[in-house]
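Descriptive structure summary
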Amino acid sequence: DVKVTQSSRYLVKRTGEKVFLECVQDMDHENMFWYRQDPGLGLRLIYFSYDVKMKEKGDIPEGYSVSREKKERFSLILESASTNQTSMYLCASRTRVGEQYFGPGTRLTVT
Amino acid sequence: EDQVTQSPEALRLQEGESSSLNCSYTVSGLRGLFWYRQDPGKGPEFLFTLYSAGEEKEKERLKATLTKKESFLHITAPKPEDSATYLCAVLGAGSYQLTFGKGTKLSVIP
């Protein structure tokens, strides 16, 4: 079975803090993704990566950056957390035929 | 631009009452249509991939079908544990990312 894990299920941070969200997949997938999900807005793509050290902006990259130093690990970084970044963050990895598998999610609250 | 519209937004069924969820899509060159189940506070769980019109996939009480314009997720004799939000997504030929619908929230009442 494909497994995607995320470093935290729940996280509370203060405004202005630097936040790291880690994601690891165990299926040797090249493609990995970070989304945020908010009520009424659905899933929105923040960044994705199609190879080690490669990254592409998604639909809402402002305020975020990413890092992919190893194939299995994709990190999302909030440089200076703000209250409007309170959300559910979902990591996913994808097979070459397009099947995308999600992690359990991190519920981030910024106060 | 690829687009996905799911209907209805919410559906309440009595236990055992079969029904269907709809996913209408527009995409240039369909590479795949995907169904997911999402429970509250959790990540989406992959259910099915459909690649071409006429294709069908089944899993327990769920059956997904595909035409050139839409997909249906048929739920036969649902149980309360089938309650969840069901998401549909497409991958187009010219895209790196999936395009998701907003989902259908299914509630099955005992």
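Now for a look at the structure at hand. (Residues numbered from 1 in each chain as written. Chains lettered and ligands numbered in written order. Predicted model: local features only at pLDDT ≥ 70, side-chain atom pairs only at ≥ 80, totals over all residues. Heavy atoms only, no water.)

A look at the overall build of chain B
From N to C terminus, chain B includes zero helices and eleven strands. When the helices and strands of chain B are placed in sequence order, the string is β-β-β-β-β-β-β-β-β-β-β. Here the C-alpha atoms of chain B give a radius of gyration of 13 Å, agreeing with the 13 Å that 2.2 N^0.38 yields for 110 residues. By principal-axis analysis of the C-alpha atoms, chain B measures approximately 45 × 30 × 20 Å. Burial statistics for chain B: of 110 residues in total, 46% are counted as buried. Taking the intrachain contacts of chain B between residues at least 6 apart in sequence as the baseline, contacts between residues at least 24 apart amount to 55%. (Helix = DSSP H or I, 4+ residues; strand = E, 2+ residues; numbered from the N terminus. Rg over C-alpha atoms; globule rule 2.2 N^0.38 Å. Buried < 20%, exposed > 50% of the residue type's maximum accessible area, 1.4 Å probe, protein only. Contact = heavy atoms within 4.5 Å.)

A closer look at the packing of aromatic side chains
One pass over the structure, following the stated rule, counts twelve aromatic pairs over all chains. Relative to Phe100 of chain B, the ring of Tyr35 of chain A has its centre 5.9 Å away and its plane inclined at 85 degrees; by these criteria the two rings are edge-to-face. With Tyr35 of chain A in strand β4 (residues 31-38) and Phe100 of chain B in strand β10 (residues 99-100), the pair connects residues from two separate chains. Since its relative accessible area comes to 13%, Phe100 of chain B is described here as buried. (Phe/Tyr/Trp six-rings, centres within 6.5 Å; stacked < 30°, edge-to-face > 60°.)

Digging into the pairing of strand β3 (residues 19-26) of chain B
Residues and elements named next belong to chain B. Note that strand β1 (residues 3-7) and β3 share five bridges and pair antiparallel. In the sheet register, Thr5 faces β3, and the bridge partner there is Ser24. Here six bridges tie β3 to strand β8 (residues 70-75), and the two strands are oriented antiparallel to one another. By the bridge assignment, Ser20 is partnered in β8 with His74. (Pairing = 2+ DSSP bridges.)

Quick word on the side chain of Thr104 of chain B
All names here are of chain B. In this fold, Thr104 is placed in strand β11 (residues 104-109). Exposure remark for Thr104: the relative accessible area of 0% places this residue in the buried category. At 2.6 Å, the side chain of Thr104 forms a polar contact with the backbone oxygen of Pro8. Here Thr104 is in contact with Gln6, Ser7, Pro8, Glu9, Leu11, Leu21, Ala84, Thr85 and Tyr86, once residues within four sequence places are set aside. (Polar contact = N/O pair within 3.5 Å; in protein donor to acceptor, adjacent residues only side chain to side chain.)

Structural notes on the state of the cysteines
Residue and element names in this part refer to chain A. Applying the stated rule across the entire model yields two disulfides over all chains. In this model Cys23 forms its disulfide with Cys91; the gap between the sulfur atoms is 1.9 Å. One quick way to see it: the torsion about the S-S bond of Cys23 and Cys91 is about -75 degrees, and its sign makes the bridge left-handed. You can see Cys23 sitting in strand β3 (residues 19-25) and its partner Cys91 sitting in strand β9 (residues 87-94), a full 68 residues away along the chain. This pair shows no difference in class: Cys23 is buried, exactly as Cys91 is. (Disulfide = S-S within 2.5 Å.)

Focus: the interface of chain B and chain A
The partner chain A presents 25 residues to the 18 residues of chain B that form the contact. Between chain B and chain A lies a buried interface of about 1700 Å² when both sides are counted; carbon and sulfur atoms form 55% of it. Of all residues in chain B, Tyr96, Gln97 and Phe100 of chain B give up the largest surface area on contact with chain A, accounting jointly for 32% of the area buried on that side. Across the chain B-chain A interface, the total number found is zero salt bridges. The element contributing the most residues to the side of chain B that touches chain A is strand β4 (residues 30-38) of chain B, with four residues. (Buried area = accessible area lost by both parts, 1.4 Å probe. Salt bridge = Lys/Arg side-chain N within 4 Å of Asp/Glu carboxyl O.)

Quick notes on the sheet that holds strand β8 (residues 73-78) of chain A
Residues and elements named next belong to chain A. Within the open sheet, the four strands sit side by side as β1-β3-β8-β7. Their pairing is antiparallel. In this open sheet, the two edge strands, each paired with only one partner strand, are β1 (4-6) and β7 (64-70). On average, adjacent strands in this sheet sit at an angle of 20 degrees to one another, irrespective of strand direction. Pairing analysis gives six bridges linking β3 to β8, with the strands arranged antiparallel. Bridge pairing in β8 links Glu22 to Ser75. (Axes fitted to C-alpha atoms, helices over the stretch in contact; angles between N-to-C directions.)

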